[in-house]
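Residue-level structural notes
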Amino acid sequence: MGMKDQFQDKSEQWQEQARQKAQQAREKAQERGRQGEERGRPDDRVRDEETERMRLDREERDRLEQDYDV
């Protein structure tokens, strides 16, 4: 077996491992999606709360800056 064959075999092994890992990642993502639907999506609720908190902080900063601009 020549070096070219060895490199080609190793490349094919890495490609197969990458395919398997990608498939596993897809399966995990699908499972997380199913679990999120079953739980009523608490992650979305947390994100909404964080977004609202950030919006309020920004509004307060804007008001403060307006006070100093006058």
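The structure this text deals with has already been given above.
A few points on the structure.

Thresholds applied
- Residues numbered from 1 in each chain as written.
- Predicted model: local features only at pLDDT ≥ 70, side-chain atom pairs only at ≥ 80, totals over all residues.
- Heavy atoms only, no water.
- Helix = DSSP H or I, 4+ residues; strand = E, 2+ residues; numbered from the N terminus.
- Buried < 20%, exposed > 50% of the residue type's maximum accessible area, 1.4 Å probe, protein only.
- Areas by Shrake-Rupley, 256 points an atom, 1.4 Å probe, with all protein chains shown as cover.
- Salt bridge = Lys/Arg side-chain N within 4 Å of Asp/Glu carboxyl O.

Along its length, the protein carries two helices and zero strands. Within the span of the protein, comprising 70 residues, buried residues form 1% of the whole. Roughly 7000 Å² of accessible area belongs to the protein as shown, and the carbon and sulfur atoms make up 47% of that amount.

A few words now on the pattern of salt bridges. Applying the stated criterion across every chain yields a total of four salt bridges. Between R34 and E31 there is a salt bridge, with its nearest N and O atoms 2.9 Å apart. Linking R34 with E31, this pair stays in helix α1 (residues 3-39), spanning three residues, or about one helical turn. Given the relative accessible area of 43%, R34 is considered partly exposed. Taken together, the shared-partner salt bridges connect E52, R55 and E59 into one network.

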